[in-house]
Amino acid sequence: MILGFVGRGKGHDILIKAFNKISNKIPEAKLVIAGGIKDVSYLNYLKKLALPIKEKVIFTGYIPYELLPSCFASADIFVLPYLGGVHVSGPLHRALASGRVIIASESPIVKEVIKHNYNGILIKPEINELANKIVELYENKELRNKLSYNARKFAEEFLDWDKIAKQTIKIYEEILGR
């Protein structure tokens, strides 16, 4: 699954091509591309790429906030194959909090959150590397369980708003000399 606005630079095309390479190895797998559309011509390009495996690729469009938990719960692997610089990713944080297994591009901002082989897998956004990692995770239940557990643990430790607020207050108090 990939979630977030569908647009150029987010690697949807790489994910579709990678999934196409491995769809015969994992016949029961489905690729869910969820998110609002800003560029209809790009969506049409993605749908054309998905034609050889169209029965295995689902374009959902925008997912309302209240449906996100069930959407994440239904995904085995969450993928963010971003192609360039990215900002802090809400979907990435939600995937961590839901304990999803994550494959993401090794951009500096993602590396602040994902520790390779601890709470996710970091990749170069390349078709073969992504395809290989998806198959590796599919075949290795122990690794999937470890990454899933550590993703949730990381979110509880570092992405909890109460903890973040307390840390922020502590920093301000230290600066103000209290």
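Asker: What's the story with the overall build of the chain in this structure? I'm lost.
Answerer: Within the chain, the secondary structure is distributed over eight helices and six strands. Starting at the N terminus and walking to the C terminus, you meet the elements of the chain as β-α-β-α-β-α-β-α-β-α-β-α-α-α. Taking 178 residues into account, the globule formula puts the C-alpha radius of gyration at 16 Å, and the chain, at 17 Å, falls close to it. Principal axes of the C-alpha set define a box for the chain whose edges measure 65 × 40 × 30 Å. Across the 178 residues of the chain, 42% fall into the buried class. Once local pairs closer than 6 in sequence are excluded, the contacts in the chain between residues at least 24 apart make up 67%. Total accessible area on the chain is roughly 10100 Å²; 56% of this is exposed by carbon and sulfur atoms.

Asker: Would you mind showing me how to read the packing of aromatic side chains here?
Answerer: Two aromatic rings, taken as a pair, are described by how far apart their centres are and by the angle between their planes. Tallying each qualifying case throughout the model produces three aromatic pairs. When the ring of Tyr-42 is compared with that of Tyr-45, the centres are 5.9 Å apart and the planes differ by 35°; the resulting orientation is tilted. Taken as a pair, Tyr-42 and Tyr-45 lie in helix H2 (residues 40-49) at a separation of three residues, close to a single helical turn. Accessibility expressed as a relative area gives 32% for Tyr-45, which makes it partly exposed. Judged by centre distance (4.9 Å) and plane angle (40°), the ring pair of Phe-154 and Phe-158 falls under tilted. Of this pair, Phe-154 and Phe-158 both sit in helix H7 (residues 141-158), four residues apart, roughly one helical turn. Given the relative accessible area of 47%, Phe-158 is considered partly exposed. Note that Lys-38 overlies the ring of Phe-5, its terminal NZ or CZ placed 4.6 Å from the centroid. One residue, Lys-47, lies across the ring of Phe-59, its end atom 5.8 Å from the ring centre.

Asker: What is the right way to read the packing of helix H6 (residues 127-139) against H7 from this model?
Answerer: Pairs of packed helices are described in terms of their axes, by the angle between the two and the distance that separates them. Contact pair H6 / H7: the axes reach a minimum separation of 5 Å and the direction vectors enclose 100°. For the element pair H6 / H7, the angle class is roughly perpendicular. Where H6 approaches H7, its residues Glu-136, Leu-137, Tyr-138 and Glu-139 are matched on the opposing element by Lys-141, Leu-143, Arg-144 and Leu-147. Considered class by class, the residues forming the contact of H6 with H7 number four nonpolar, no polar and four charged.

Asker: Hey, could you run me through the sheet that holds strand E2 (residues 31-34) in this one?
Answerer: Sheet strands pair via backbone hydrogen bonds, and the direction of the pair is either parallel or antiparallel. Reading across the sheet, the three strands line up as E1-E2-E3 and stay open at both edges, with parallel pairing between neighbours. Looking at the sheet topology across the chains shown, the edges are occupied by strand E1 (2-3) and strand E3 (57-61). Note: E2 against E3, four bridges, orientation parallel. Each residue of the ladder has a partner; that of Ala-34, found in E3, is Gly-61.

Asker: Sorry if this is basic, but what is going on with H6 here?
Answerer: Along an α-helix, residues three or four apart share an orientation, since each turn contains 3.6 residues. The end-to-end C-alpha distance of H6 is 18 Å, a good match for the 18 Å that 13 residues give at a rise of 1.5 Å each. Taken together, the buried residues of H6 touch helix H1 (12-22), strand E4 (77-80), strand E5 (101-105), strand E6 (121-123) and H7.

Rules used throughout
- Residues numbered from 1 in each chain as written.
- Predicted model: local features only at pLDDT ≥ 70, side-chain atom pairs only at ≥ 80, totals over all residues.
- Heavy atoms only, no water.
- Helix = DSSP H or I, 4+ residues; strand = E, 2+ residues; numbered from the N terminus.
- Rg over C-alpha atoms; globule rule 2.2 N^0.38 Å.
- Buried < 20%, exposed > 50% of the residue type's maximum accessible area, 1.4 Å probe, protein only.
- Contact = heavy atoms within 4.5 Å.
- Areas by Shrake-Rupley, 256 points an atom, 1.4 Å probe, with all protein chains shown as cover.
- Phe/Tyr/Trp six-rings, centres within 6.5 Å; stacked < 30°, edge-to-face > 60°.
- Lys NZ or Arg CZ within 6 Å of the ring centre and 35° of its normal.
- Axes fitted to C-alpha atoms, helices over the stretch in contact; angles between N-to-C directions.
- Parallel < 35°, antiparallel > 145°, perpendicular 65-115°, else oblique.
- Nonpolar A, V, L, I, M, F, W, Y, C, P; charged D, E, K, R; others polar.
- Pairing = 2+ DSSP bridges.
- Expected span 1.5 Å × (residues − 1).

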